[in-house]
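Working through the structure, step by step
In case you want the letters, here they are:
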Amino acid sequence: MNTNSFALRHIGPNENDQNEMLKTIGVDSLDQLIVETVPGDIRLKNGLNLDEPMSEYDYINHILELSKKNKIFKSYIGLGYHPTIVPAVIQRNILENPGWYTAYTPYQAEIAQGRLEALLNFQTIITDLTGMEIANASLLDESTAAAEAVALLFAVRDRDQKKNNVNKFFVSDAILPQTLSLLQTRATPIGVELVVGNEDEFDFSKEFFGAILQYPGKDGQISDIKTFIEKANDNQIKVAVAADILSLVKLEAPGKFGADVVVGTTQRFGIPMGYGGPHAAYFATKDAYKRDLPGRIIGVTKDMNGNRALRMALQTREQHIKRDKATSNICTAQVLLAVMASMYAVYHGPKGLQFIADTVHNTASSVAKGLEKLGYKQKNTSFFDTLQVEANADAIKKIAERHEVNFNYPNANTVTISINQTTSLKDANEILAIFAEHNQVDTVTLASIESASNITESLQRQTEFLTLEVFNSHHSETELMRYIKMLERKDLSLNHSMIALGSCTMKLNAAAEMLPLSWPNWGSIHPFCPIEQAEGYQIVLKALEDQLTEITGFAGTSLQPNSGAQGEFAGLMVIKAYHDSRNEGHRNICLIPSSAHGTNPASAVMAGMKVVVTKSTEEGNIDVEDLREKAIKHKDNLSCLMVTYPSTHGVYESAIKEITQIIHDNGGQVYMDGANMNAQVGLTNPGNIGADVCHLNLHKTFAIPHGGGGPGVGPICVAEQLVPFLPGNPIIKTGGEKAITAISAAPYGSALVCLISYGYIKMLGAEGLKNVTQTAILNANYIKRRLEGHFDTLYSGERGRAAHEMIVDCRPFKENGIEVTDIAKRLMDYGFHAPTVSFPVAGTLMIEPTESESKEEMDRFCDAMISIRKEIDHASKDDINNVLKNAPHTLAMLTSDQWDFPYTREAAAYPLDYIRDNKFWPSVRRVDDAFGDRNLICTCAPIEEYMDA
């Protein structure tokens, strides 16, 4: 056994197991299976041109050497990103813990109560600090959250505003520059006209439906948002506020002044800067707008026994259900980062946060006094942490960089200084020494940081926050460690068992890929620092772009989109820019197969396109003739086709090249959804198939962990004609020569977690990546074969093979009174998370084992499914008191003195022998979704508030 081979460690089945699996499937070799599965005309003739694979040991040394090329300067740049202290107890027990980072989105609530509680805490923190009524469980970054706020306020215009097509939206010129760029990207396609100006000069005209303010502003000045919001409310103009989360400890909550939406980022709550992300954004609004609130909402409900339980609420408003009628395409959240931020608040509590905010403000005030003594004018009359100093920017920059200090230089005569949690007395004196050197005078030395207040009295916080017990109980490391562990034990993650989710690719997230995320040389870099200070990042990110470009067969890549849904939107906006450049801006028809993921139509509408749905055949493939007919019908206005390959039904459609040619023949571009790229890498690629752009889910195919629902990364790879339009950034140059405006706040999106995918590719190499894909196909077909005779597979290729996933039909079991949900819940008793339920076909399970799972684990899963199939045979419509309808079974049920079920405790808890060795206990019984939606509670409310509902 080659112990240096990363592929050997990453891929589950060993050679002997693979040979047994091939015999079970009925083929002589892996090559034969691939020939029978992947159409010959799309298979690559040559291997991928990638570096030779590294061992884990060599890779760790390699990434360590690259990290040393990053220069860690003291950062006072601000602009929404600040150095912060990650409590070690949170770093060790959450960020570095696979029990947290390998979990899936909490769609199966009974085995996700830990994450759900942490996210409920997050929502409570946000509603408390913002003064709003409802918050979601995180968005992607502050700038995209601001864009979602504009979309929400546009959607909830009053009747007269809609009738009169009121479409102007005011943007304060104090907004963060990256947010303005992103608002420009998102506004025009949906018909919103942005007007940027000085908020003190805004006339509150009836032509405007909304406005957004930055609180504090980009240069640190705290404006009178109270008076602005009052005037706006008097004129039926709704107001969004982008607020610094730490400043809200000292500033009054915008909700108290009548704001309609408050957005921002929680990066300051113990999350590394990481060259731009990932960080959990927040979005809070009024209860009246909950049906238009983007993203995931965690709500309180009860289980079958009436006990408190948590779940994701109001899912019917999401793009999965509403498709092109959805108000947002948001799919991935930033759950892992939201959990970390919530634990930061739990650990410090209100008094700890007050201490941190006071220290930051007092340090800024002390530096301001020192600067004035040195002869500088500090322009901010009301500020929290950021000073605006009149000075020669170039001269200060040269001195500062010699001292390894970064300030922000908005223009030639201004320097801004953003103080942060890590700024010490020594740091404060170093800042003063830099300015003294510029003035060629003796410096002013601060003996201590003195208490001060430079916040307008009417804007100072009066409202209490974080008064509940959870925020006032876990302030020692011992207590927080145990609280985190208590929650972790309630969740089923990949460190317990296989999560065979179709379309979601829950593969191994190797420890060697994850380790560098904790290293300060990667975590401590500001996304807007001078590019020469981020040489290590630049090498990795450029190499990753080149790797992905080679893998996809395209000409260029942008890493900026920080989720798969954002990648979809970015790809469509690049296509739109391409058509515009050819004076064909009228091309706005987007063809989408009926089987497509719900984000596809939602993204198309966000990009200003009109969705035309094409049919599927009985075999689950795209109806080529229907597609041809619609492409010809709309040829003068055809923008693109959105297609997933292999198909959403888990099949390599043999007509795919014909399909892409039809689109090109009628003037359109082909967008390929990269959700199923794990079945392409090394065998075929989107460029070879005929696509023009695809997004890649790095949190699926390229090993970034799902993190309980995020982070995700969704870069786009494009053909040569689209390279000039790849997205840019207003501060750091990225993208093509004709770059579209920003897709995410940071120039390279969630750069920190891109290290994972870089390492994954670096350690596997070309042959390893190909072997991964082949094994994913092998594993899927092995499960398909083992389940034959027990479950019917709905779709397969022309030679009876599945791709890397398959759909099994559970609809016939309705004759026994059993729904697909019953099977999903019963799998919990067997120690497994359910496969994807009722997507893309209602009443089915979509199974994807990935290449990482061993034959032994897959056999356990198949044994569980076959055992459940036998249980179904004994069920009937007339008797619903059965082991499936009552699933999952909790420890409390099994140890109760009362047992009113017609089957044994052993049948409930230990239906197969293997379960005894590693039993997972769901912490609640089946949750009541309907009750939770009827009685929506989304914060840590006392139990009486929902039990009395």
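Everything here concerns the structure above.
So, a few notes on the structure that sits alongside this text.

Thresholds applied
- Residues numbered from 1 in each chain as written.
- Predicted model: local features only at pLDDT ≥ 70, side-chain atom pairs only at ≥ 80, totals over all residues.
- Heavy atoms only, no water.
- Helix = DSSP H or I, 4+ residues; strand = E, 2+ residues; numbered from the N terminus.
- Buried < 20%, exposed > 50% of the residue type's maximum accessible area, 1.4 Å probe, protein only.
- Areas by Shrake-Rupley, 256 points an atom, 1.4 Å probe, with all protein chains shown as cover.
- Lys, Arg positive; Asp, Glu negative; His and termini not counted.
- Charge placed at Lys NZ, Arg CZ, Asp CG, Glu CD.
- Expected span 1.5 Å × (residues − 1).
- Arc of directions from axis to C-beta.
- Contact = heavy atoms within 4.5 Å.
- Salt bridge = Lys/Arg side-chain N within 4 Å of Asp/Glu carboxyl O.
- Polar contact = N/O pair within 3.5 Å; in protein donor to acceptor, adjacent residues only side chain to side chain.
- Pairing = 2+ DSSP bridges.
- Axes fitted to C-alpha atoms, helices over the stretch in contact; angles between N-to-C directions.
- Phe/Tyr/Trp six-rings, centres within 6.5 Å; stacked < 30°, edge-to-face > 60°.
- Lys NZ or Arg CZ within 6 Å of the ring centre and 35° of its normal.

**Regarding the overall build of the protein**
- Regarding its fold elements, the protein presents 31 helices and 25 strands.
- Here the protein holds 949 residues, and the buried ones make up 65% of them.
- Entry remark: accessible area of the protein is about 33000 Å², with carbon and sulfur atoms responsible for 45%.
- Taken as two groups, the 87 positive and 115 negative side-chain charges of the protein have centres that lie 2 Å from each other.

**Examining helix 4 (residues 56–67)**
- Under the 1.5 Å per step criterion, the end-to-end length of helix 4 is 16 Å for 12 residues, consistent within 8% with the ideal 16 Å.
- Along helix 4, the positions that sit buried rather than exposed are Y59, I60, I63, L66 and S67. Along the long axis of helix 4, the arc covered by the buried residues comes to 125°, so they all point the same way.
- Residues of helix 4 that are buried sit in contact with helix 17 (511–514), helix 18 (520–523), helix 19 (535–552) and helix 25 (751–787).

**Points about the pattern of salt bridges**
- Here the structure, examined in full by the defined rule, presents 42 salt bridges.
- Residue K286 pairs with D260 through a salt bridge whose shortest N-O separation is 3.1 Å. One end of the pair, K286, is in the loop between strand 8 (281–285) and strand 9 (297–302); the other, D260, is in the loop between strand 6 (238–243) and strand 7 (261–265), and 26 residues separate them in sequence.
- Looking at D260, the relative accessible area reads 3%, which means it is buried.
- The partner of E856 in a salt bridge is R860, with the nearest N and O atoms 3.6 Å apart. Of the two residues, E856 and R860 are both situated in helix 27 (residues 855–873); the distance of four residues between them amounts to about one turn of the helix.

**Comments concerning the environment of A428**
- Looking at the secondary structure, you find A428 in helix 15 (residues 425–439).
- The spacing of A428 and H475 is 47 residues in sequence and 28 Å in space, taken between C-alpha atoms.
- When near neighbours in sequence (up to four residues on either side) are disregarded, A428 contacts T363, V367, T423, L446 and I449.

**What to know about the side chain of H889**
- Relative to the elements of secondary structure, H889 occurs in the loop between helix 27 and helix 28 (891–894).
- For H889, the side chain forms a polar contact with the side chain of Y903, separated by 2.8 Å.
- Apart from the residues within four sequence positions on either side, H889 is in contact with R826, D829, V883, L894, W899, Y903, A908, W921 and P922.

**A look at the sheet that holds strand 24 (residues 836–837)**
- Taken in spatial order, the four strands make up an open sheet running 22-23-25-24, and their pairing is antiparallel. Of all the strands in the sheet, just strand 22 (792–793) and strand 24 have a single pairing partner and so form its edges.
- With two bridges connecting them, strand 22 and strand 23 (residues 806–809) associate as antiparallel partners. Note on strand 23: the bridge partner recorded for D792 is D809.
- Across the sheet, helix 25 touches strand 22, strand 23 and strand 25 (844–847), and the angle it forms with strand 23 is around 15°.

**Thoughts on the packing of aromatic side chains**
- Per the counting criterion, the structure on display carries 28 aromatic pairs.
- Relative to F435, the ring of F407 lies with its centre 5.6 Å away and its plane at 50°, an arrangement referred to as tilted. Here F407 is found in the loop between strand 12 (405–406) and strand 13 (408–411), whereas its partner F435 is found in helix 15, with 28 residues between them in sequence.
- Three or more aromatic residues joined by ring pairs form one cluster here, namely F170, F202, F204, F208 and F228.
- In this arrangement the basic side chain of K919 is found over the ring face of W921, its NZ or CZ atom lying 4.8 Å from the centre.

**Re unusual backbone geometry**
- The amide bond that connects G710 to the next residue, P711, takes the cis arrangement and shows omega of 25°.
- Residue position: P711 is located in the loop between strand 20 (693–696) and strand 21 (716–718).
- The amide bond that connects A887 to the next residue, P888, takes the cis arrangement and shows omega of 0°.
- In this structure, P888 sits in the loop between helix 27 and helix 28.

**Quick notes on the side chain of T102**
- Within the element layout of this structure, T102 appears in the loop between helix 6 (98–101) and helix 7 (113–130).
- Within the structure, T102 has its side chain in polar contact with the backbone oxygen of P98 (distance 2.6 Å).
- Aside from chain neighbours lying at most four places away, what touches T102 is S493, L494, N495, I499, M506 and N509.

**Structural notes on the pairing of strand 11 (residues 386–390)**
- Within strand 11, four of the five residues are buried, which leaves the element mostly enclosed by the surrounding structure.
- Sheet analysis places strand 11 next to strand 14 (residues 414–418), joined by five bridges and oriented antiparallel. Within strand 14, the position partnered with V389 by the bridge is V415.

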